[in-house]
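Here is how the chains run, residue by residue.
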Amino acid sequence: MNTLGMNILDMDILDMDITNTSLLQRIKDLEKENRILHKQLQRSHSDRVQVENKYARDGYLLQQIIRDLEGSKSVLEQRGVALELASHDIQTIQSKLIESEKMSALGVLVAEVAHEINNPVGFIYGNIEYLERYINKIIELVHLYKDQYNPPLLIIQDKIESIELDFLLRDIPKVLQSMWIGAERILEIVKSLRNFSRLDESEYRAVDLHEGLDSTLMILHSKLEGDPTRPQIEVIKNYGMLPAVECYSGKLNQVFMNILGNAIDALVEQYDLIPDRPSRITIETKPQGENVHITISDSGGGIPEAVQSRLFDPFFTTKPVGKGTGLGLSISYQIIAENHNGKLSCHSTIGHGTTFTIVIPISQADALS
Ligand SMILES: Nc1ncnc2c1ncn2[C@@H]1O[C@H](COP(=O)(O)OP(=O)(O)OP(=O)(O)O)[C@@H](O)[C@H]1O
Ligand SMILES: [Mg+2]
């Protein structure tokens, strides 16, 4: 049967067949596409899971690395702190060594000088008494002659006038008196030097702290005296009734020396800036319970707060190079706190002055128990 002979119905059926076949084909194609897409979807899902797993692994590793880094950071920080402490210890030891070397050299020198002066001054002091006695006898004799041979021979009269005998007789006691004063002063200085240079003591001794303070003031005498450029520094002593205090007296004298030396420096500096303020150092001592308190105040310019927080640091100084080493107060702190179980503190107000307070136990055995 050829197509020309087909009727409309046949045509329709043929069309439908064709349409069905193409639809079926289309469905098959779609199903195939769907399968392919499904497979692709499955693959991309597994890829995604793999990527997610990888991210999770990487994240975990990253966290671990961060934790490790934090751990090493804190170890480094701890090492930094340990290093800082070690460097502080080294500085302290270094400062102790420098100071003890400086002080033992100074102590030896002072002790030697004091010893050298002690003998000749002993001769002078010991002989003034005889000299005074002999001269008084000669003066008595001269008066006797004057009474018994009156008027004297002309030649004697001439001599009396040329040597100004009346003046000599009046002046001799004054000369002797100033020799006494001078010799006594030298003896006091020698005693102070010996007292001050007592650095090699290895045991506590009960001493009169006022002696130590006075010896130190004696050694600083020339600095306290005025000169053409500045007035004398007034020292007011308000000494209380102190018992003998168990201490290393040479070391304590060193503390007094450092604090008084700083006070003098502050007063000299202030005089250059404000000449009409009084230059005064006040020293007060008093017993309080088991302790003694020693305060040394100056009417200097005071210490700024930023400086106050560093006062006791080794090598901290505001003085020009060559003038201060910055060790005075750090050594003093160690001597009071470590060697004497005491306290050293500072109170200062700008424009009003500075007070250093030393508190130490009267008995070291009590302090330790
Ligand atoms: N009475 C004071 N008035 C004002 N400033 C002071 C006083 N005492 C201490 N200071 C300050 O404290 C700093 C440290 O004092 P410290 O005695 O330790 O060292 P220094 O005096 O500078 O040097 P040195 O080692 O020669 O004593 C001083 O440089 C100064 O600035
Ligand atoms: Mg000083």
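Everything below is about the structure printed above this text.
So, here's what we can say about the structure. Just so we're clear, the structure is a prediction, and the values are computed from it rather than from any experiment.

### Points about the packing of helix α3 (residues 165–196) against helix α4 (residues 209–219)
Look at α3 against α4: their axes get within 9 Å of each other, and the N-to-C directions meet at 115°. Classed by the angle they form, the pair α3 and α4 counts as roughly perpendicular. The element α3 and its partner α4 pack so that their crossing is left-handed. Of the residues in α4, those touching α3 at Glu188, Ile189, Ser192, Asn195 and Phe196 are Glu211, Gly212, Ser215, Thr216, Met218 and Ile219. Residues of the contact of α3 with α4, tallied by class, amount to 4 nonpolar, 5 polar and 2 charged.

### Considerations on the site of ligand 1
In the vicinity of ligand 1 there are 21 residues, among which Ala266, Thr317, Gly324, Gly328 and Leu329 approach most closely. Residue assignment for the shell around ligand 1 shows that the elements contributing at least two residues are α6 (249–273) and α8 (328–340). Of all the elements, α6 adds the most residues to the shell around ligand 1, at 4 residues. Residues that form the shell around ligand 1 fall into these classes: 8 nonpolar, 11 polar and 2 charged.

### Section: the environment of Ile181
Its location among the elements puts Ile181 in helix α3. Accessibility expressed as a C-beta count within 10 Å gives 10 for Ile181, which makes it exposed. For Ile181 and Tyr125, which are 56 residues apart along the polypeptide, the C-alpha to C-alpha distance reads 9.7 Å.

### Quick notes on the sheet that holds strand β2 (residues 234–239)
The sheet built from 5 strands is open, its strands ordered β2-β4-β5-β7-β6 with mixed pairing. Edge positions in the sheet fall to β2 and β6 (343–349), since each has one partner strand and no second. With strand direction ignored, the average angle separating the axes of adjacent strands in the sheet is 15°. The sheet strands contacting α8 are β6 and β7 (353–361), and the helix crosses β6 at an angle near 145°.

### Observations regarding α3
Between its first and last C-alpha, α3 extends 46 Å over 32 residues, near the 46 Å set by a 1.5 Å rise per residue. The sharpest bend along α3 reaches about 35° and sits at Asp171, with the proline Pro173 one to four residues further on. Taken as a whole, α3 has its buried residues at Ser192, Leu193, Asn195 and Phe196.

### So, unusual backbone geometry
Cis geometry marks the peptide bond from Asn150 to Pro151; its omega dihedral reads 0°. Along the polypeptide, Pro151 turns up in the loop between α1 (8–148) and α2 (154–162). Located in the positive-phi region is Glu164, a residue other than glycine, with phi close to 50°. Within the secondary structure, Glu164 is located in the loop between α2 and α3. Non-glycine residue Asn341 carries a positive phi angle of around 50°. Assignment of secondary structure puts Asn341 in the loop between α8 and β6. For Asn341, a count of 15 C-beta atoms within 10 Å puts it in the partly exposed group.

### Quick notes on the pairing of strand β4 (residues 280–288)
Relative to β4, β2 runs parallel, the two sharing 6 bridges. Within the sheet, the bridge partner assigned to Tyr239 lies in β4 and is Thr285. In terms of strand pairing, β4 meets strand β5 (residues 291–298) through 8 bridges, oriented antiparallel. Its bridge partner being in β5, Gln288 is matched across the sheet by Asn291. Connecting the antiparallel pair β4 and β5 is a turn made up of 2 residues, with Gly289 showing a positive phi of about 60°.

Conventions we followed
- Residues numbered from 1 in each chain as written.
- Chains lettered and ligands numbered in written order.
- Predicted model: local features only at pLDDT ≥ 70, side-chain atom pairs only at ≥ 80, totals over all residues.
- Axes fitted to C-alpha atoms, helices over the stretch in contact; angles between N-to-C directions.
- Helix = DSSP H or I, 4+ residues; strand = E, 2+ residues; numbered from the N terminus.
- Parallel < 35°, antiparallel > 145°, perpendicular 65-115°, else oblique.
- Left-handed = near helix turned anticlockwise from the far one by under 90°.
- Contact = placed C-beta atoms within 7 Å.
- Nonpolar A, V, L, I, M, F, W, Y, C, P; charged D, E, K, R; others polar.
- Near = placed C-beta within 6 Å.
- Buried ≥ 20, exposed ≤ 12 C-beta atoms within 10 Å, placed from the backbone.
- Pairing = 2+ DSSP bridges.
- Expected span 1.5 Å × (residues − 1).
- Bend = angle between axes of the 7 residues up to and from the residue.

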